[in-house]
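Summary of the model geometry
If you want the building blocks of each chain, they are given just below.
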Amino acid sequence: MEHALSMKGISKSFGEKNVLKKIDLEVKSGEIFGLIGPSGAGKTTIIKILTGQLKADSGTSVIGGIDSLSLKPEDYGGFGIMMDNFGLYDRLNCCDNLKIFADIYGLNKNTVHQALSAVGLTGNEKTAAAKLSKGMKSRLRLARALITDPDILFLDEPTSGLDPASAEDIRQMLLNEKKRGKTIFLTTHNMSEAEKLCDSIALLLDGGIAEYGSPTEICRRYDHKKTICIHMKNGTDKILPHSPKSAEAIAYLLSKDLIETIHTSEPTLETVFMELTGKELAS
Amino acid sequence: MKNISAIFIKQIKDTLKNKTTLIQFIMFPILAVIMENSVKIENMPEHFFSKLFAVMFVGMAPLTCMSSIISEEKEKGTLRVLMMSNVSPLEYLAGVGAYVWTVCMAGSVVFGVLGNYDAKEFILFMAVMAAGVLLSVMIGAIIGILCKNQMAATSAAIPVMMIFSFMPMLSMFNKTISKAAEFFYTQQLNKIINSIGNKDIEPIGIVIAAVNFIAAVIVFVMSYKRNGLE
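Quick summary incoming for the structure in this document. (Residues numbered from 1 in each chain as written. Chains lettered and ligands numbered in written order. Predicted model: local features only at pLDDT ≥ 70, side-chain atom pairs only at ≥ 80, totals over all residues. Heavy atoms only, no water.)

Here we look at helix α5 (residues 164–179) of chain A
All names here are of chain A. This is how it is decided: The numbering of helices and of strands both runs from the N terminus, where a helix is a DSSP run of H or I of at least 4 residues and a strand a run of E of at least 2. Multiplying one less than the number of residues by 1.5 Å gives the expected span of a helix. For every residue, the accessible area obtained with a 1.4 Å probe (protein chains only) is divided by the maximum for its type, and the residue is called buried under 20%, exposed over 50%, and partly exposed between those limits. Directions from the helix axis toward the C-beta atoms define the arc.
The terminal C-alpha atoms of α5 lie 23 Å apart, and with 16 residues this matches the ideal 22 Å at 1.5 Å per residue to within 8%. Buried residues of α5: S166, A167, I170, R171, M173, L174 and E177, and no others. Down the axis of α5, the buried side of the element spans an arc of 160°, and every buried residue falls inside it. Looking at α5, the residues exposed on the side facing more than 90 degrees away from the buried face are P164 and K179.

Spelled out as structure tokens, the structure:
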């Protein structure tokens, strides 16, 4: 499978702070790639470099076979970008917010309605963007990113600040887009979202890629963090590491009929993150 | 052309729902209509208010609207979206500039009608207004380019607008201000407009206005090259 996006040796500093240190990344066509890491780790900076909004100090980044710094205005139709700081025209209604871009790309009016329908905003065509809820604004931003039916989507924390139902809706839309063959590059600091959505992820820490691969592969590398949770009949809980010694202890407790339930806990991306940094991600 | 037209249409839709911008466009034409029809003072020059307000309109509306539109788009991040959507900075400036110029020219028709010019004089009046509005649009674009947000743009636009808009009026009351005002295009427009139908236009006025125009183009190009649109 060819690469839709790639970065090689990308470094970027802001003043004294080295935000990115020789980052190498490759995103395959048709996959959902998640860039995860704590706030301020440089996730948005990577999107900006990939999309040519920001020049790296060193290294190369390529999007759809074109060097990010050589992107021409007409190339931008090939990918959709949804970033938190990409505003909407508050006074204009949903339809008009998209129609500007339909006019720019020479698309017909049906495209606007199709894009609104794809994100579940049918019926809100005449609602001013200012009157939409945060979740609906996110959907409208997503509709704007989708209007050219791009091959590559960049989404910067698409579910940040949304209620669980709205966030789930957005995730479902992204999975639908993946089914249609889109390559999706998303940033998030929500580990469970990354596990649910992404085919592969990169964990960004201290300006470098700390882990890279599929969520399952990464978690498997931290198998030593697997635990056994035992709920005792007296109401207490015990958490044991996955080891032969624990097996002996469990056998003993079973023989005494002291165990109510027993289950194993697999390492999650959250566990991996905690192992790597010693702290939890901000939710 | 397609992109310029998309920006132009977007701006029309937006302004119809934006009272603060809309008022800039209609305030002076409405004031001129009211004052022309209600205030009659002995020895007052003919069509005094329509001519005075026409010059104030040129110095105020295009300048403040242009800077306000650009800075609002910067602040809200919509400009960045446009820049990443096949729209070049110059297309954006042309689209917004064409819109502001067109709406201001529509307002200028009101002053032209109030001025009671004959056909030839009316065309000359509109030509003078067109040049003045274009120059103010360019100054507004410079402010929009240099300022990062609406607050900064308003702070910068008000003193500039006061100078260009009010100096022709204040020069009637103070000789020093009158001498200083001679260097500004709005004062020269004031003189040219007052000459229409009465006397020959002084060539020096056209020269001063042209120098103002060239200076604005130079500052615009320098600001754009240094700062870009964003």
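Structural notes on the sheet that holds strand β12 (residues 237–241) of chain A
Residues and elements named next belong to chain A. The condition is simple: One bridge is not enough; two strands pair if DSSP finds at least two bridges between them. Axis lines are fitted to C-alpha atoms, over the contacting stretch for helices. Their N-to-C directions set the angle, which ranges from 0 to 180 degrees.
Ordered in space as β12-β11-β13, the three strands form an open sheet in which the pairing is antiparallel. Every other strand in the sheet has two partners, leaving β12 and β13 (259–265) as the edge strands with one partner each. Strand-to-strand twist in this sheet, taken as the mean axis angle between neighbours without regard to direction, amounts to 20°. When strand β11 (residues 227–232) meets β13, the two strands line up antiparallel, connected through six bridges. If you follow I230 over to β13, its bridge partner there is I262.

Considerations on helix α2 (residues 94–104) of chain A
To keep it simple, the criterion reads: Contacts are residue-level and defined by heavy atoms, with any inter-residue pair within 4.5 Å sufficient.
A large share of α2(A) lies buried, amounting to nine of its 11 residues. Buried within α2(A) we find A:C94, A:C95, A:D96, A:N97, A:L98, A:I100, A:F101, A:A102 and A:I104. Summarising the contacts, the buried residues of α2(A) are in contact with α3 (109–118) and α4 (134–146) of chain A together with α1 (2–16) and α4 (78–83) of chain B. A:G106 sits one or two positions beyond α2(A) and adopts a positive phi of about 70°.

Side note on the packing of aromatic side chains
The condition is simple: Aromatic rings from Phe, Tyr and Trp, with only the six-membered ring used for Trp, were paired whenever their centres fell within 6.5 Å, and each pair was classed as stacked if the ring planes differed by under 30 degrees, edge-to-face if by over 60, and tilted otherwise.
Taken as a whole and assessed by the stated rule, the structure comprises 15 aromatic pairs over all chains. For the pair B:F8 and B:Y99, a centre-to-centre distance of 6.1 Å together with 80° between the ring planes defines the contact as edge-to-face. Taken as a pair, B:F8 in helix α1 and B:Y99 in helix α5 (residues 89–114) lie far apart in primary sequence, 91 residues in all. Judged by relative accessible area, B:F8 falls into the partly exposed class, the value being 21%. With relative accessibility at 2%, the residue B:Y99 sits in the buried group. An aromatic cluster of at least three residues, connected via ring pairs, comprises A:F33, A:Y76, A:F79, A:F154, A:F185 and A:Y212.

With respect to the interface of chain B and chain A
By a frequent convention, interface size equals the accessible area lost on bringing the separate parts together. Put simply, the rule reads: Simply put, the buried area is the total loss of 1.4 Å probe accessible area from both parts when two parts are fitted together. Only one rule defines a salt bridge in this text: a Lys or Arg side-chain nitrogen within 4 Å of an Asp or Glu carboxyl oxygen. Side-chain atoms alone can form a polar contact between residues adjacent in sequence; in general such a contact is a pair of N or O atoms within 3.5 Å, and within protein one must be able to donate a hydrogen while the other accepts it.
Each side of the interface is counted separately: chain B has 20 residues, and chain A has 24 residues. Both sides of the chain B and chain A interface together cover about 2200 Å² of buried area, and 60% of this is carbon and sulfur. Counting across the interface, chain B meets chain A through four salt bridges. The shortest N-O distance in the salt bridge between B:K13 and A:D96 comes to 3.1 Å. Between chain B and chain A we count seven residue pairs in polar contact (both at pLDDT 80 or more) in total.

Re the pairing of strand β1 (residues 3–14) of chain A
Residues and elements named next belong to chain A. Of the strand pairs in this sheet, β1 and strand β2 (residues 17–28) are connected by eight bridges, and their pairing is antiparallel. If you follow S6 over to β2, its bridge partner there is E26. Counted along the chain from β1 to the antiparallel partner β2, the turn is two residues long, and its residue G15 has a positive phi close to 65°. Note that β1 and strand β4 (residues 58–63) share five bridges and pair antiparallel. Across the sheet, L5 pairs through a bridge with I63, a residue of β4.

Some points on the packing of helix α3 (residues 48–76) of chain B against α5(B)
Residues and elements named next belong to chain B. Just so we agree on the cut-off: Any angle between 65 and 115 degrees counts as roughly perpendicular, while under 35 counts as roughly parallel, over 145 as roughly antiparallel, and the rest as oblique. Handedness of a crossing is defined here by the sense of rotation of the near helix relative to the far one, left-handed for an anticlockwise turn of less than a right angle and right-handed for a clockwise turn. Residue polarity is assigned by list, with Asp, Glu, Lys and Arg as charged and Ala, Val, Leu, Ile, Met, Phe, Trp, Tyr, Cys and Pro as nonpolar; anything else, Gly included, falls into the polar class.
Put simply, α3 and α5 touch, their axes get as near as 10 Å, and they point 160° apart. In terms of their interaxial angle, α3 and α5 are classed as roughly antiparallel. Pair α3 / α5 crosses with right-handed handedness. On α5, the residues touching S50, F53, A54, F57, A61, P62, C65, M66, I69, I70 and E73 of α3 are Y92, L93, V96, G97, Y99, V100, C104, G107, S108, F111 and L114. Here the contact of α3 with α5 is built from residues that sort into 17 nonpolar, four polar and one charged.

Observations concerning the nonpolar core
To keep things clear, this is the line we draw: Think of a nonpolar core as a cluster: buried Ala, Val, Leu, Ile, Met, Phe, Trp, Tyr and Cys residues, connected wherever their side-chain atoms sit within 4.5 Å.
A:I46, A:F154, A:F185, B:Y92 and B:V100 are the most contacted members of the largest nonpolar core, which has 141 residues in total. Looking at this core, the element that brings in the most residues is α3(B), giving 15 residues. Counting seven residues, the second-largest nonpolar core is a separate cluster that includes A:I228, A:I230, A:L240 and A:I259.

A few points about the sheet that holds strand β5 (residues 66–67) of chain A
Residue and element names in this part refer to chain A. Reading across the sheet, the four strands line up as β2-β1-β4-β5 and stay open at both edges, with antiparallel pairing between neighbours. What marks the edges here is a single partner per strand, and that holds for β2 and β5. Here β4 runs beside β5; their pairing, made up of two bridges, is antiparallel. Paired with I63 across the two strands is I66, which belongs to β5. Packed on one face of the sheet, helix α1 (residues 43–50) meets β1, β2 and β4 and runs near 120° to β1.

A look at the side chain of B:S136
Turning to its location among the elements, B:S136 is positioned in helix α6 (residues 119–146). Ignoring any residue separated from it by four or fewer positions in sequence, one finds B:S136 in contact with B:V58, B:G59, B:P62, B:L63 and B:Y185.

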